[in-house]
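Understanding the architecture of this molecule
Residue-level listing of the chains:
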Amino acid sequence: DPGRDFDATTAAGIPTPPIPGALGFEKRFALQLDVADEHAVLAAGAGFVARVPDGVRAFDSAGQPRWHYLHNGQPRWKTEFVGVFDDGATVVVGFNSGAHMAGEAVGLDAVTGELLWRTDKMSVALTVDELASPGATDPAAPFYLTVANGSEVARIDTRTGNELWQTRIPYPHM
């Protein structure tokens, strides 16, 4: 049942602060989070998001909590993916239920945590991946949400969850 057993909070919309041009040496705050790996904290919205085992938590630039989207059912679903898209405006979270071919993906507004879309479509929920656009050696290059389903790849609009296009990849494709 998509959307069941989730704990979600939202926050008021605020202007997104600029990304600092340089990092200082003064410690501003410290957080202790149960994060998955070195890619678990990403700049997004009014600060940053952290991928935690059961979802995502958002913080402002001072380290204060803003919103969260967590699975709280039993058994707990594992957070498989957190990606930030649309110049930091959208957070996409992929969950795996642990059951065969079952999971969910959601799109959230990065500033407010508002749910923009949800899907349990298997090709999206279980194969959520980020794929750089051509020329992605530039760190400012945009990332697109794409999903693979056999020999087909589709691009997903991260603000709506709608499929924008689909193409066949000739074998071998990996």
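Note that the structure is predicted; figures quoted are calculated from it, not measured. (Residues numbered from 1 in each chain as written. Predicted model: local features only at pLDDT ≥ 70, side-chain atom pairs only at ≥ 80, totals over all residues. Heavy atoms only, no water.)

Here's the deal with the overall build of the protein chain
Selection rule: Secondary structure follows DSSP: runs of H or I at least 4 residues long count as helices, runs of E at least 2 residues long count as strands, and numbering of each begins at the N terminus. Burial status follows relative accessibility: with a 1.4 Å probe on protein chains alone, a residue under 20% of its type maximum counts as buried, one over 50% as exposed, and anything between as partly exposed. When checking whether two residues touch, look at their non-hydrogen atoms; a contact exists if any pair is within 4.5 Å. Accessibility throughout is a Shrake-Rupley quantity obtained with a 1.4 Å probe, and a residue counts as covered only by protein chains that appear here.
If you tally the helices and strands in the protein chain, you get one helix and 13 strands. Along its sequence from the N terminus, the protein chain presents helices and strands in the succession β-β-β-β-β-β-β-β-β-α-β-β-β-β. By the burial criterion, 37% of the 174 residues in the protein chain qualify as buried. Contacts in the protein chain between residues far apart in sequence, at least 24 positions, make up 42% of those at least 6 positions apart. On the protein chain, roughly 10300 Å² of surface is accessible, and the fraction owed to carbon and sulfur atoms is 53%.

Focus on the packing of aromatic side chains
Aromatic rings considered in pairs are described by the distance between their centres and by the relative angle of their planes. Inclusion rule: Ring pairs shown here join Phe, Tyr and Trp side chains whose ring centres sit within 6.5 Å, with only the six-membered ring taken for Trp; geometry is labelled stacked below 30 degrees between planes, edge-to-face above 60, and tilted in between.
Going through the model one piece at a time under the given rule, you end up with five aromatic pairs. Aromatic rings pair up to connect Phe6, Tyr69, Trp77 and Phe95 into one cluster.

Let's talk about the sheet that holds strand E6 (residues 78-85)
Think of a sheet as strands paired side by side through backbone hydrogen bonds, with each pair either parallel or antiparallel. Rules: Two strands qualify as a pair provided that DSSP identifies no fewer than 2 bridges between them. Axis definition: a line fit to C-alpha positions, over the contact stretch in the case of helices; interaxial angles, taken between N-to-C directions, run 0 to 180 degrees.
Taken in spatial order, the four strands of this open sheet run E6-E7-E8-E9, and their pairing is antiparallel. Sheet topology places E6 and strand E9 (115-119) at the edges, where each strand pairs with a single neighbour. For this sheet the average axis-to-axis angle between neighbouring strands, irrespective of direction, equals 15°. Pairing between strand E7 (residues 90-96) and strand E8 (residues 103-109): seven bridges, direction antiparallel. Bridge pairing in E8 links phenylalanine 95 to glutamate 104.

Concerning the pattern of salt bridges
The line we're drawing: A pair is scored as a salt bridge if a Lys or Arg side-chain nitrogen falls within 4 Å of a carboxyl oxygen belonging to Asp or Glu.
Under the definition given, this model contains three salt bridges. Salt-bridge contacts for lysine 78 lead to glutamate 80; the nearest nitrogen and oxygen are separated by 4.0 Å. Given a relative accessible area of 52%, lysine 78 falls into the exposed group. On the basis of relative accessibility, which here comes to 40%, the residue glutamate 80 falls in the partly exposed class.

Focus on the nonpolar core
We count it as follows: The criterion is simple. A nonpolar core is a set of buried Ala, Val, Leu, Ile, Met, Phe, Trp, Tyr and Cys residues joined through side-chain atoms within 4.5 Å.
Formed by 17 residues in total, the largest nonpolar core has its most connected members in Val49, Val56, Trp67, Tyr69, Val91, Val93 and Leu108. At the level of elements, strand E4 (55-60), strand E5 (65-71), E6, E7 and E8 are the ones that each hand at least two residues to this core. In terms of residue count, the dominant contributor to this core is E7 (three residues). Phe81, Val92, Trp117 and Leu145 belong to the second-largest nonpolar core, a separate cluster that totals nine residues.

Quick look at the sheet that holds strand E3 (residues 47-52)
Pairing is antiparallel across the open sheet formed by five strands, whose spatial order is E1-E5-E4-E3-E2. Edge positions in the open sheet fall to strand E1 (6-9) and strand E2 (41-44), since each of these has one partner strand only. The average undirected angle you get between the axes of adjacent strands in this sheet is 20°. In the sheet, E4 pairs with E5 via five bridges, with the strands oriented antiparallel. Looking at E5, one finds that glycine 55 is bridged to leucine 70.

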